[in-house]
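# Breakdown of the fold
For reference, the chains in residue letters:
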Amino acid sequence: MDRLQGMRIFTEVVDSGGFAAAAKAMHLSAPAVTRAVASLEAEIGTRLLIRTTRSVKLTAAGEGYVADCRRILAEIAEAEANAAGSFGNPAGAITVTAPVLFGRLYVLPILLDFLDLNPAVQVRFLLLDRVTNLVDEGIDVAIRIAHLPSSGLTARRVGFIRQVVCGSPDYFDRHGEPKIPQDLTSHRLIGRDGIFGGAEWQFGRATKIRVPISTRLTCNTNDAVIDAVIAGWGLSRFQSYQVAAHVRAGRLRTVLAEFEQEPVPIHIVHAEGRSASGRLRAFVDFASERLRADPVLADPAKV
């Protein structure tokens, strides 16, 4: 008996819930399906299924074996598809996650273009402001803005962000610009829950500068903070990509650039390494090229 065909038949029996249903799905006779599973059990040396008159149930050994069968069969199908040239025409589903605002502004347009170019691909897009566990949560690709710790994940650096202090031209006309970080204590500051929402802001690279922050207005979304700063009520601190469009349009102006901390890298992260599927590799390559070409995300030291 062909071992792979036995795996396919065994998996179909589990998925269909019985031998007769599996035989019908695979266009085989019921006795052929029964013999195939029995032969597989004999070769392995253990029972995989508990048969009753109405159903079949997996044994403990069968539960582990069917998971391995699914993985092996999927890898074989992927290898065959790649060898046949379907790497140039990706197909199948991928799940992508990114921080909420970055994902909406930068990743979603890339996904839409990728889907237009690859009509056989489906994407599930999760906008989450938290670190996800790719394996446990069934995620194929994550966009992460951070210095990454060592892990078994494959990471590709695609850009950088800076932490910038911004205000509106109207605010600076009325209150002046801070020249050093310590000047912020005499300005009206707008805070937000979560990132950058602590009791102090840090500046500098070789020499760290810590400025205690007191805010009269605190918001729980970036959009609300941006609106308040554009309205001229006060100053706040952002990741550079969050306000890039407003800075280009002249609605906001950055200050204290010479006191900024080291830029934070942006990575595309996935778990499969060299065994990544064709559709996953295609998306990572496509997204990497687009993000690296964006001047907003370029390494400031190279601009």
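Residues numbered from 1 in each chain as written. Predicted model: local features only at pLDDT ≥ 70, side-chain atom pairs only at ≥ 80, totals over all residues. Heavy atoms only, no water.

## As for the overall build of the protein
Just so we agree on the cut-off: Put simply, DSSP H or I for four residues or longer makes a helix, DSSP E for two residues or longer makes a strand, and each gets a number counted from the N terminus. This radius of gyration counts C-alpha atoms alone. The globule rule is 2.2 Å times how many residues there are, raised to the power 0.38. Note on exposure labels: buried denotes an accessible area under 20% of the residue type's maximum, exposed denotes more than 50%, and partly exposed covers the range between, all computed with a 1.4 Å probe on protein chains only. Here the open area of atoms and residues is found with the Shrake-Rupley method and a 1.4 Å probe, where only the protein chains shown may cover a residue. Only four residue types enter the tally: Lys and Arg on the positive side, Asp and Glu on the negative side; His and the chain ends are excluded. Charge coordinates come from a single atom per side chain, which is NZ of Lys, CZ of Arg, CG of Asp or CD of Glu.
When helices and strands are tallied, the protein shows 9 helices and 14 strands. For the protein, whose C-alpha radius of gyration is 27 Å, the value lies well above the compact-globule estimate of 19 Å for 303 residues. Taken along the three principal axes of its C-alpha coordinates, the protein extends 85 × 35 × 35 Å. Residues counted as buried form 41% of the 303 residues belonging to the protein. With an accessible surface of roughly 16,000 Å², the protein has 52% of that area assigned to carbon and sulfur atoms. One finds the centroid of the 35 positive side-chain charges in the protein at a distance of 2 Å from the centroid of its 32 negative side-chain charges.

## Examining the packing of helix α2 (residues 19–26) against helix α3 (residues 30–44)
Where we set the bar: Under this scheme, a helix contributes an axis fitted over its contacting stretch, all axes are lines through C-alpha atoms, and angles between N-to-C directions fall in the 0 to 180 degree range. Between 65 and 115 degrees an angle is taken as roughly perpendicular, under 35 as roughly parallel, over 145 as roughly antiparallel, and anywhere else as oblique. Here, two residues are considered to be in contact whenever any of their heavy atoms come within 4.5 Å of each other. Three residue categories are used. Nonpolar comprises Ala, Val, Leu, Ile, Met, Phe, Trp, Tyr, Cys and Pro, charged comprises Asp, Glu, Lys and Arg, and polar comprises the others, including Gly.
Viewed as axis vectors pointing N to C, α2 and α3 meet at an angle of 110°, and their least axial separation amounts to 8 Å. Here α2 is positioned roughly perpendicular relative to α3, judged by the angle of their axes. Residue-level contacts link F19, A22 and A23 of α2 to A30, V33, T34 and V37 of α3. The residue makeup of the contact of α2 with α3, split by class, is 6 nonpolar, 1 polar and no charged.

## A few points about unusual backbone geometry
At H27, a position not held by glycine, the phi torsion is positive, near 60°. Topologically, H27 is positioned in the loop between α2 and α3. The residue L256 is not glycine, and still its phi comes out positive at about 60°. Among the secondary structure elements, L256 is positioned in the loop between β13 (253–255) and β14 (264–270). Overall, the relative accessible area of 6% leaves L256 in the buried class.

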